[in-house]
Amino acid sequence: SSGINAEYGQGALLSTLIDNIYFSEFYVGRAFDDVAMARALYGRLQGSKFPAGVSIKVPEIHRLTWKPSRMADKTTIYGFAWCEGCHLDVIRADIGSVIEMIKPADISSISEDMLRAYDSREIKSASPSQFCSYNYYEAFTELLKALSKTVESYSKLKKSAATYQAAKQAVYNAFQQKGLGKWPKKTIIPNF
């Protein structure tokens, strides 16, 4: 969303320990409109006011290309989450859970046939992603302990990130002032 490169990518928890991290590049599939993607990532916030030390960063947007097939233009309910050195999470978007984890060494062997097979696969088990809020919180509390810092609840830690919260509020205000509506409130707030 547009807020990502204004609020910064590390989120509220890490913003209490490190400087702002902004995304410099995004890689997306071949079926997107350049203007719409730029608007979605940063365009709606250009010209808005933000707290000191927070600004809009314009990332490079790269189009991933591959040999087109019949499947390439179809939408899917699967998403993929990956970062260097981690396994690839294959996420079933309609249930929000990981249905398969692919080891880093096997990522290069992923084929279009394998992706197509997910549509007919029965889900035997599902688990939270390694990138979910709870797992981030667990890792963050371990970091706080190693730094001899106080460990608080997830919500208290997020609220203590004053600059991050101010930037987030500025994003919400910018959307509202430009007639883009209100940011939806979470209906389920994590309590850990």
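Preceding block: the structure.
Calculation criteria
Residues numbered from 1 in each chain as written. Predicted model: local features only at pLDDT ≥ 70, side-chain atom pairs only at ≥ 80, totals over all residues. Heavy atoms only, no water. Pairing = 2+ DSSP bridges. Helix = DSSP H or I, 4+ residues; strand = E, 2+ residues; numbered from the N terminus. Axes fitted to C-alpha atoms, helices over the stretch in contact; angles between N-to-C directions. Expected span 1.5 Å × (residues − 1). Buried < 20%, exposed > 50% of the residue type's maximum accessible area, 1.4 Å probe, protein only. Arc of directions from axis to C-beta. Contact = heavy atoms within 4.5 Å. Phe/Tyr/Trp six-rings, centres within 6.5 Å; stacked < 30°, edge-to-face > 60°. Lys NZ or Arg CZ within 6 Å of the ring centre and 35° of its normal. Polar contact = N/O pair within 3.5 Å; in protein donor to acceptor, adjacent residues only side chain to side chain. Salt bridge = Lys/Arg side-chain N within 4 Å of Asp/Glu carboxyl O. Core = buried A, V, L, I, M, F, W, Y, C linked by side-chain atoms within 4.5 Å.

(A) Region of interest: the sheet that holds strand E3 (residues 78-81). Within the open sheet, the 3 strands sit side by side as E3-E4-E5. Their pairing is antiparallel. The open sheet is flanked by E3 and strand E5 (97-102), the only strands paired with a single partner. Sheet twist, expressed as the average angle between the axes of neighbouring strands with direction ignored, equals 25°. Across 5 bridges, the pairing between strand E4 (residues 88-92) and E5 is antiparallel. When the bridges of E5 are listed, Asp-89 appears paired with Met-101.

(B) Helix H5 (residues 133-146), seen in detail. Here H5 contains 14 residues, and its C-alpha end-to-end distance of 20 Å stays within 8% of the 20 Å for a straight helix at 1.5 Å per residue. Among the residues of H5, Tyr-137, Phe-140, Thr-141 and Leu-144 are the ones counted as buried. Mapping the buried residues of H5 onto a view down its axis gives an arc of 105°, with all of them on the same face. Tucked into the core, H5 has its buried residues touching helix H2 (11-15) and helix H6 (154-159). In the segment just after H5, Ser-148 is the residue with positive phi, at about 55°.

(C) Just the packing of aromatic side chains, in detail. Per the counting criterion, the structure on display carries 4 aromatic pairs. Plain terms: the ring middles of Phe-23 and Phe-26 are 5.4 Å apart, the flat faces sit at 45° to each other, and that makes the pair tilted. Ring centres of Phe-175 and Trp-183 lie 5.6 Å apart, and the angle between their planes is 5°; on these two criteria the pair is classed as stacked. Classification of Trp-183 as partly exposed rests on a relative accessible area of 34%. Taken together, Tyr-172, Phe-175 and Trp-183 form an aromatic cluster joined through their ring pairs. In this structure, Lys-57 is placed above the aromatic ring of Tyr-22, and the distance from its NZ or CZ to the ring centre is 5.0 Å.

(D) Structural detail: the side chain of Asp-89. Note that Asp-89 resides in strand E4. According to the relative accessible area criterion, Asp-89 is buried, its value standing at 0%. Engagement of the side chain of Asp-89 in a polar contact is seen with the side chain of Ser-129, the distance being 2.5 Å. Within polar-contact distance, the side chain of Asp-89 engages the backbone nitrogen of Gln-130 at 3.1 Å. When sequence neighbours within four positions are dropped, the list of residues in contact with Asp-89 reads Gly-79, Phe-80, Ala-81, Val-98, Glu-100, Met-101, Ser-129, Gln-130 and Phe-131.

(E) Local environment of unusual backbone geometry. Its identity is not glycine, yet Ser-148 carries a phi of approximately 55°, on the positive side. Tracing the chain through its elements places Ser-148 in the loop between H5 and H6. Take Ser-148: its relative accessible area is 69%, and that puts it in the exposed class.

(F) Fine view of the pattern of salt bridges. In this structure the tally under the stated criterion is 2 salt bridges. Between Arg-63 and Asp-34 there is a salt bridge, with its nearest N and O atoms 2.8 Å apart. You can see Arg-63 sitting in strand E2 (residues 60-63) and its partner Asp-34 sitting in helix H3 (residues 34-41), a full 29 residues away along the chain. Overall, the relative accessible area of 36% leaves Arg-63 in the partly exposed class.

(G) Local environment of the nonpolar core. Formed by Leu-45, Phe-50, Val-54, Ala-167, Ala-170, Val-171, Ala-174 and Phe-175, the largest nonpolar core amounts to 8 residues. Core analysis: the next-biggest nonpolar cluster, separate from the first, contains 7 residues, Phe-26, Val-28, Met-37 and Tyr-42 among them.

(H) Representation of the pairing of E3 within the structure. Pairing analysis gives 4 bridges linking E3 to E4, with the strands arranged antiparallel. Across the sheet, the residue bridging to Phe-80 is Val-90, located in E4. The turn linking E3 back onto E4 is made up of 6 residues, and Gly-85 within it adopts a positive phi angle of 90°.

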